[in-house]
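Fold and contact review
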Amino acid sequence: MNSANPPLLLVAHGTRDPEGPRVIEQLAEATAAVLGVPVHVGYVDVIGPTVAETLERVPGPVVALPAFLAAGYHVRTDLPEQVASTGREDVTITAPLGPSPAITEALLDRLRQAGWRPGDRVLFSAAGSSDARALADVRAAARELGRRCGQWLNPSYITTASPATEDVCAPGVFIAPYLLAPGLFHRRLAELASSGVADPIGVHPAVVDLIARRYRGAVRDHVTAA
């Protein structure tokens, strides 16, 4: 594999809910079709294959893209440490998926598909974190979606951080989940009294395009230059 078309490693958190890995695999397949390069999957926690296990069988150079919606601990510390533990010096790590205008576009589409129309109230709900940088990214994502919806949005959280979505949710609002894949968190939102809960971001064309652009930028600015 030469430096003009290195493989892509899509890195996700990991969950035992089968829907999570399914979405990541579908994103990998869709991105491989767009880029025409091998796209592999690795996880930083909970399930395998781990990042190190995947890198053992993938020749370099490699572009690793964190499939995360905020730059929390796993993106800033855990993933680089896991890559470093392999001794590989030919792995370029890109910025995570979010926050990004492309993610906002996908969020807005999911809201519309759930029945939201301009003027309807929106409740932005994220997974939650104890990491200040991740929470700042979530606030930025909420503000960007708010601008597109024509209203000011403060994020709420499913767990860990406050305010809790269940405490501020009310009939008449549409919930916009800042979640990449279905699973326990999305099911918890679906149990709340609301006018509708949008689907997770999932395999949206804007997300696939974003991954492709992150990859091409990394190849242009780091891999090929090196």
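Up top is the structure these notes are about.
So, here's what we can say about the structure. (Residues numbered from 1 in each chain as written. Predicted model: local features only at pLDDT ≥ 70, side-chain atom pairs only at ≥ 80, totals over all residues. Heavy atoms only, no water.)

Turning our eyes to something else, we now look at the overall build of the protein chain. The number of helices and strands found in the protein chain is eight helices and eight strands. Here the C-alpha radius of gyration of the protein chain, 18 Å, is about what a compact globule of 226 residues would show, namely 17 Å. Judged by the C-alpha coordinates and their principal axes, the protein chain covers about 55 × 30 × 30 Å. Of all 226 residues assigned to the protein chain, the portion counted as buried reaches 51%. With an accessible surface of roughly 10,100 Å², the protein chain has 50% of that area assigned to carbon and sulfur atoms. Between the centroid of the 20 positive side chains of the protein chain and the centroid of its 23 negative side chains there is a distance of 6 Å. (Helix = DSSP H or I, 4+ residues; strand = E, 2+ residues; numbered from the N terminus. Rg over C-alpha atoms; globule rule 2.2 N^0.38 Å. Buried < 20%, exposed > 50% of the residue type's maximum accessible area, 1.4 Å probe, protein only. Areas by Shrake-Rupley, 256 points an atom, 1.4 Å probe, with all protein chains shown as cover. Lys, Arg positive; Asp, Glu negative; His and termini not counted. Charge placed at Lys NZ, Arg CZ, Asp CG, Glu CD.)

As a further point, take the pairing of strand β1 (residues 8-12). β1 sits mainly inside the fold: five of its five residues count as buried. Residues of β1 alternate between two faces, with Leu 8, Leu 10 and Ala 12 on one and Leu 9 and Val 11 on the opposite face, all of them buried. Relative to strand β2 (residues 39-43), β1 is paired through five bridges, and the arrangement is parallel. Residue pairing in the sheet places Val 11 in a bridge with Gly 42 of β2. (Pairing = 2+ DSSP bridges.)

Further remarks concern the pattern of salt bridges. In the structure shown here, the tally under the stated rule is nine salt bridges. In this structure, Asp 209 engages Arg 213 in a salt bridge whose closest nitrogen and oxygen atoms are separated by 2.9 Å. Of this pair, Asp 209 and Arg 213 both sit in helix α8 (residues 205-223), four residues apart, which is roughly one turn of the helix. What makes Asp 209 partly exposed here is its relative accessible area of 38%. (Salt bridge = Lys/Arg side-chain N within 4 Å of Asp/Glu carboxyl O.)

What follows covers the sheet that holds β1. Pairing in this open sheet of four strands is parallel, and the strands run β2-β1-β3-β4 from one edge to the other. Each edge of the open sheet carries a strand with a single partner, namely β2 and β4 (91-93). Across the sheet, the mean angle from the axis of one strand to that of its neighbour is 25°, orientation sign disregarded. Where helix α1 (residues 19-35) meets the sheet, its contacts fall on β1 and β2, and the angle it forms with β2 comes to roughly 155°. Contacts from α8 reach β1, β3 (62-66) and β4 within the one sheet, and its direction differs from that of β3 by about 135°. (Axes fitted to C-alpha atoms, helices over the stretch in contact; angles between N-to-C directions. Contact = heavy atoms within 4.5 Å.)

In this section: unusual backbone geometry. For the bond from Gly 48 to Pro 49, the omega torsion is 5°, close enough to zero to count as cis. You can see Pro 49 is positioned in the loop between β2 and α2 (51-56). Across the junction of Ser 162 and Pro 163, the peptide omega takes the value 5°, indicating a cis bond. In this structure, Pro 163 sits in the loop between β6 (156-157) and α6 (165-168). Positive phi outside glycine occurs at Val 46, with the angle close to 75°. Relative to the elements of secondary structure, Val 46 occurs in the loop between β2 and α2. Look at Thr 160: it is not a glycine, yet its phi comes out positive at around 70°. By secondary structure assignment, the location of Thr 160 is in the loop between β6 and α6.

Structural remark: α-helix, 3.6 residues per turn; residues separated by three or four positions point the same way. The first and last C-alpha atoms of α8 sit 25 Å apart over 19 residues, in line with the 27 Å expected at 1.5 Å per residue. Of the surrounding secondary structure, the elements contacted by the buried residues of α8 are β1, α1, β3, β4 and α4 (101-113). (Expected span 1.5 Å × (residues − 1).)

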